[in-house]
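Results of the structural survey
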Amino acid sequence: MHDTPVAATRPVPPPPAPPGASPRAEAQPVSDGHTPAGADSAGYRGDIQGLRAVAVMLVLGFHAGVPFLTGGFVGVDVFFVISGFLITGLIDREIGRTGRLSLSRFWARRARRLLPATAVVLGSVGAVTIIVLPVTRWSSAAWDIGTSALYVVNWRLAEQSVNYLAANDAPSVVQHFWSLAVEEQFYVVWPVLILLVLWVQRRYRLPLTKVLLAGIAAIGVPSLLWSIYLSEVNAGRAYFVSTTRLWELAIGAALAIVAHRLIRIPAVTARVLGVLGLAAIGYAAVSFDSGTTFPGAAALVPTLGAAAVLAAGTAGHRTPAGALLDTGAMRDIGTLSYSLYLWHWPLLVGAAVLWGGDDGTLPVAIGVVVVGFSAVPAWLTYRLVEAPIHHAPAFARFPWRAGVLGVACTAVGVAAAVTVSTAIPKTPEVDGREAAGAAVLSDDPAEYEPPDSVDAMVPAVLDAPDDVADLDGETCISTIVGTDLESCTYGPRDAETTVAVAGDSKMHQWLPALERIADERGWRLVTYLKSACPLVGVDVEYEDAANHWCADYNDRRFDALTEDDTIDYVLTSQVASSAYGVDGDATEAMVDGLVESWEGLEDAGTEVVVMVDNPNPLLDVMECVATHEDDLGACGFSRARAETVGGARAQLPALEQAEGIDAVDVRDYICPGDTCPPVIGNTLVYRQGSHLTGTYVESLTPRVDAALTDVLRD
């Protein structure tokens, strides 16, 4: 799962994050007293500032939706290498100068460098959330702001990345803080690990450089291997967790340890290294895309490229790469890179709300303007907050003051989160009897005239995300990750009729109606449900790759359905309409897979009934209703367009081809007409994505029961 440009597609996945390294790119000391090219007498490295500029422009262009920067997310990997290089270099020089490392001074420098600007941005984001964002996003935003202030938001995002029911949520306004969290965790742990390595070196009188490199390798190599593995099996989680990124910082750290030896690199080699390094970064930026398994092995391209550029500059020779990077404009952009990162993403998210389309897209031209405008608050933050506090003698002289400052800045972010949380309006008490839902529809549902507003609505838009189907209080659906065959049973064990409910979350949504029908008819229900995993014998896609969890789970699910001779019927539905990794028409492959799977179950003695998938809206219905309470018609959507996506696109042709397969189709009672209303009978029809609210599904019980009566042969 990669970062997604707001201007290019629906902004569901996450953005790269701001660099956390010091804005002053200092050169590494060299043994003969020479200063690397591009460094002044104080050790300033203009080429590193220029490399920062390259990274930040890649990311900003990617988020703006610039078409050719499909892999611009690699800019964050460049920043990780730079951070590892500079931070380890600072530690190395302090140890070389004093023979020890003061953790309090190190952490104080990080606090006064990073936290004031983040406090300003998080406080501003809290205000923007309340003023600009729909109220449906406030609760999630509050949690995101709070975890960003505490620098653990990457772990929150990692958990959300495998939550299928949250897959259609709009992107967090502080989603880009994930990599800041990675770097802050690095800053906390890294100096402690170096001190541990130094203790081992002194205890056993080992060569310092070799011991440091061995310590870095002991962390970096396992992290790289873990990154390669996890990126293959769980790309969403791999993108955010710190353990898959440590090796990128370790590359920079290792380079810093051997920096004093890099002056031996011949001039020709340095020139070639610099050019090849920039070329590798550029190649990744224009050739990688959402289909690239990342970070994993692919991240070696931009990270080694960044390391090559840093090595070339450290060698002390004039190089073409250095000449390109060490210019006034590039240094200025590099200096603002941290603030640019902090500001650009919240502005893009806000702009998408104000000027984006129904599906959350932002035109590229507007995206480019917004990221360009982000230079204004970035410059103000740098000049008025970042630089003055970072260079204030009072904080440099007394580290405890920087500690107090850090606590205060963190408190600002937490306070912003609390403010947003407390501003969430309370949901009014509504009598459930006022929500008739589908009961207001006649046998000719097209006659229904949806209202422009309602006095009461169930569920309220703020409660809709929790209005999720369950069975006797249990959710009864496996998460995306894993292959364990979890199941719920409901009803009498000696029931004459046993119905297996099998499919993905679009089958799961029907549990409220099926539970009532089972009570009335004395059925026994058995669930075999898994998020993002339809009941079909072909590969399906998850995060731009084959969903191997689903394939393994389906092997077990098919065995369970065919071996259990108590099962009389299998009810199934799905949202997926395309197979993955096939030559030719992906929808046709899904149709063929469904026919084969359904007929296979029938041949094994189990009758299959297909629940035709409901129309899939191409807008966020909850969010629209929250902002158009007095004009609900603005949230209606075309049924014809809504049925160009979703499971029905494959189910309907498969039903025409399959022999003896019956279907339950209540779409007319979900979308009664050419335009699908968001509210029917005072009931909100949709919650997240294309899922129906549990309340509306329950109101459909008589229609589902009647349709099942027509097809089930008791």
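Calculation rules
Residues numbered from 1 in each chain as written. Predicted model: local features only at pLDDT ≥ 70, side-chain atom pairs only at ≥ 80, totals over all residues. Heavy atoms only, no water. Helix = DSSP H or I, 4+ residues; strand = E, 2+ residues; numbered from the N terminus. Rg over C-alpha atoms; globule rule 2.2 N^0.38 Å. Buried < 20%, exposed > 50% of the residue type's maximum accessible area, 1.4 Å probe, protein only. Contact = heavy atoms within 4.5 Å. Areas by Shrake-Rupley, 256 points an atom, 1.4 Å probe, with all protein chains shown as cover. Lys, Arg positive; Asp, Glu negative; His and termini not counted. Charge placed at Lys NZ, Arg CZ, Asp CG, Glu CD. Core = buried A, V, L, I, M, F, W, Y, C linked by side-chain atoms within 4.5 Å. Disulfide = S-S within 2.5 Å. pLDDT = per-residue confidence, 0-100. Arc of directions from axis to C-beta. Pairing = 2+ DSSP bridges.

1. Side note on the overall build of the protein chain
If you tally the helices and strands in the protein chain, you get 27 helices and 12 strands. Against the globule reference of 27 Å for 714 residues, the protein chain gives a C-alpha radius of gyration of 29 Å, in line with a compact fold. Overall, the protein chain is about 90 × 50 × 45 Å in size when its C-alpha atoms are taken along their principal axes. Per-residue burial for the protein chain yields a buried fraction of 57% across its 714 residues. Counting only contacts in the protein chain whose residues sit at least 6 apart along the sequence, the fraction spanning at least 24 positions is 81%. Surface accessibility of the protein chain: about 28000 Å² in total, with carbon and sulfur atoms responsible for 56%. Both charge centroids of the protein chain, one from 45 positive and one from 81 negative side chains, sit 23 Å from each other.

2. Looking at the side chain of Gln 201
Tracing the backbone shows Gln 201 in helix 6 (residues 177-204). We classify Gln 201 as buried; its relative accessible area is 14%. Here Gln 201 is in contact with Leu 206, Pro 207, Leu 208 and Val 211, once residues within four sequence places are set aside.

3. Structural notes on the nonpolar core
Ranked by internal contacts, the top residues of the largest apolar core, which has 180 residues, are Leu 51, Trp 510, Leu 525, Ile 670, Leu 684 and Leu 708. If sequence neighbours within four positions are ignored, Leu 684 has contacts with Met 457, Val 458, Pro 459, Val 461, Ala 464, Val 621, Met 622, Val 625, Pro 678, Val 679, Thr 693 and Tyr 696.

4. Observations regarding the state of the cysteines
All told, the structure shown has four disulfides when counted by the stated rule. With a sulfur-sulfur separation of 1.9 Å, Cys 671 is cross-linked through a disulfide to Cys 676. Its torsion about the S-S bond being -90°, the disulfide of Cys 671 and Cys 676 is classed as left-handed. Taking the relative accessible area as the measure of exposure, Cys 671 reaches 0% and is therefore buried.

5. As for the confidence of the model for the protein chain
Scored by pLDDT, the protein chain has a mean of 89; 91% of the residues are at 70 or more. Per-residue pLDDT stays below 50 along residues 7-24; that stretch engages in 100 contacts with residues further than four places along the chain or on separate chains. Contacts for the low-pLDDT stretch residues 26-42, under 50 throughout, to residues beyond four places or in other chains number 45 contacts.

6. Overview of the side chain of Glu 94
By secondary structure assignment, the location of Glu 94 is in helix 2 (residues 75-98). Exposure remark for Glu 94: the relative accessible area of 8% places this residue in the buried category. Not counting chain neighbours up to four residues away, the residues in contact with Glu 94 comprise Gly 99, Arg 100, Leu 101, Ser 102 and Arg 109.

7. Focus on helix 25 (residues 648-657)
Inspection of helix 25 places Ala 648, Ala 650, Gln 651, Ala 654 and Leu 655 among the buried residues, and these make up the whole buried set. Here the buried residues of helix 25 occupy an arc of 160° about the axis, which is enough to place them on one side. Against the buried residues of helix 25 lie strand 6 (569-573), helix 22 (586-603), strand 7 (607-611) and strand 9 (662-664).

8. Some details on the pairing of strand 3 (residues 524-529)
By the criterion of burial, strand 3 is predominantly enclosed, with six of the six residues buried. Side chains Arg 524, Val 526 and Tyr 528 of strand 3 all project onto a buried face; the interleaved residues Leu 525, Thr 527 and Leu 529 project onto the opposite face, where all are buried too. Sheet topology note: the strand 1 (residues 489-490)/strand 3 ladder contains two bridges and is antiparallel. Opposite Thr 489, over in strand 3, you have Val 526 as the bridge partner. Where strand 2 (residues 498-503) meets strand 3, six bridges bridge the pair, whose relative direction is parallel. Considered in strand 3, the bridge of Ala 500 is made with Val 526.

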